[in-house]
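# Residue-level structure breakdown
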Amino acid sequence: MDTAAKLAVLIDADNAQPSAIEALLAEVAKYGTAHVKRAYGDWTGTGLRGWKELLLSQSIQPIQQFAYTTGKNATDSALIIDAMDLLYSGRFDGFCIVSSDSDFTRLASRLRESGLTVYGFGERKTPKPFVAACDKFVYTENLNYTGDPSPEDITPSRAAPTIAPPKNDTALVALLRNAVEAASDDDGWASLSSVGNIILKQRPDFDPRSYGYGKLSDLVTATTLFDTERRNPGGGKPGVIYIRDKRQSSARTPKSRAASATDSAPSSTTAG
């Protein structure tokens, strides 16, 4: 039986770049199977002309929504109404909302209140409330686009951020250390997967690619602030990566030596 999560992908075509969609759908495949793929917009206008070939090649259903009044976005309302219909059908495990618009903040919260997982996809300019309302938020700038972007796609808001060495990023280091501390055992070791889950609960938009690394393990190693080891659970299961803050390991060394010295010292008895 197929145990992959059943996802509904809802795209605000007025607010998303077609050049990112192919890589975006590949990212969606990491989290489950897209059983519904819909793109909302006014397809009678010229603003969405770059979408036609993509809709056909990616089997995305275009949903027509006329702009009734200038300055009012009827597309958002159509997407939200469809999302609630799909929610009440009970057929889905999660939703992928593709937009950089804060108008979907309440929708994301409502879907999560119903126990469904919400993945958000948008540009770095996406307002923080919408990012925080999702279980996970992926910046489209971190995805590998196919093809060259059109001139209108290259704007200051989509420029790649300046990436500082991980060790010098105090906010990142604090985030990693706090997560390791929360997930660690008595010896200070924490599984990398547990660390990643804790970080995502605090920062839904956390992504190692934002720092120039493809995986969390690569980012952790690049900081040079953590010990790492791979443990083999046996039984044909894949190895599990564990990490520990080097400060904690160095702090434990004198204690361990002292404990060893105490254990090895001869016990004395007093004659009565």
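Report follows, based on the coordinates. (Residues numbered from 1 in each chain as written. Predicted model: local features only at pLDDT ≥ 70, side-chain atom pairs only at ≥ 80, totals over all residues. Heavy atoms only, no water.)

### Here we look at the overall build of the chain
For clarity, the threshold we go by: For the purposes of this entry, the term helix denotes a DSSP run of H or I that reaches at least four residues, the term strand denotes a run of E that reaches at least two, and both are numbered from the N terminus. For the exposure calls, accessible area comes from a 1.4 Å probe over protein chains only, and a residue counts as buried if that area is under 20% of its type's maximum, exposed if over 50%, partly exposed in between. We call two residues contacting when some pair of their heavy atoms lies within 4.5 Å. Method for areas: the Shrake-Rupley scheme with a 1.4 Å probe, in which residue coverage is limited to the protein chains shown.
Helix and strand content of the chain: nine helices and nine strands. Per-residue burial for the chain yields a buried fraction of 40% across its 272 residues. In the chain, the proportion of contacts linking residues at least 24 apart, taken out of those at least 6 apart, comes to 61%. For the chain, the computed accessible surface area is about 15200 Å², with 51% contributed by carbon and sulfur atoms.

### Quick look at the pattern of salt bridges
In plain terms, the rule: Here, a salt bridge means any side-chain nitrogen of Lys or Arg that lies within 4 Å of a carboxyl oxygen of Asp or Glu.
In total, this model carries twelve salt bridges according to the counting rule given. Among the ionic pairs, Arg106 bridges to Glu113, the shortest N-O distance being 3.1 Å. Taken individually, Arg106 and Glu113 each receive the classification exposed, so the pair is uniform in this respect. Notably, a salt bridge pairs Asp205 with Lys128, separated by 3.3 Å at the nearest N-O pair. Note that Asp205 is positioned in the loop between helix H7 (192-202) and helix H8 (216-223) and Lys128 in helix H5 (residues 128-133), a separation of 77 residues in sequence. You can call Asp205 buried: its relative accessible area is 8%. Each of Glu27, Lys30, Asp207 and Arg209 takes part in a single network of salt bridges with overlapping partners.

### Points about the packing of aromatic side chains
Spelled out, the test is: For Phe, Tyr and Trp, rings pair up if their centres lie within 6.5 Å, where Trp contributes its six-membered ring, and each pair is then called stacked (planes under 30 degrees apart), edge-to-face (over 60) or tilted (otherwise). In this analysis the charged atom, NZ for Lys or CZ for Arg, is taken to sit over a ring once it is within 6 Å of the ring centre and within 35 degrees of the ring normal.
Applying the stated criterion across every chain, the model contains seven aromatic pairs. Considering the side-chain rings of Phe137 and Tyr139, the 5.5 Å spacing of their centres and the 65° angle between planes classify their relative orientation as edge-to-face. Of the two residues, Phe137 and Tyr139, neither departs from the other in class, the shared state being buried. Where Phe206 meets Tyr211, the ring centres are 6.0 Å apart and the plane angle is 40°; that geometry is what we call tilted. For the residue pair Phe206 and Tyr211, the accessibility class agrees, reading buried in each case. Joined through ring pairs, the aromatic side chains of Phe104, Phe130, Phe137 and Tyr139 make up one cluster. The ring of Tyr242 has Arg231 sitting right over it, with the charged end atom 4.0 Å from the ring centre.

### Here we look at the pairing of strand S4 (residues 94-98)
Using the following cut-off: Should DSSP find at least two bridges between two strands, the strands are taken to pair. For crossovers, right-handed means that the path from the first strand over the helix to the second runs clockwise, given strands pointing away from the viewer.
With five of five residues buried, S4 lies mostly within the body of the structure. Here S4 shows a buried face lined by Gly94, Cys96 and Val98 and a second buried face lined by Phe95 and Ile97. As defined by bridge partners, strand S1 (residues 6-12) adjoins S4 across five bridges and the pair is classed as parallel. Bridge pairing in S4 links Val9 to Cys96. Looking at chain direction, S4 and strand S5 (residues 117-122) are connected through five bridges and run parallel. Residue pairing in the sheet places Phe95 in a bridge with Val118 of S5. As a crossover connection, the stretch from S4 through helix H4 (residues 105-113) into S5 is right-handed.

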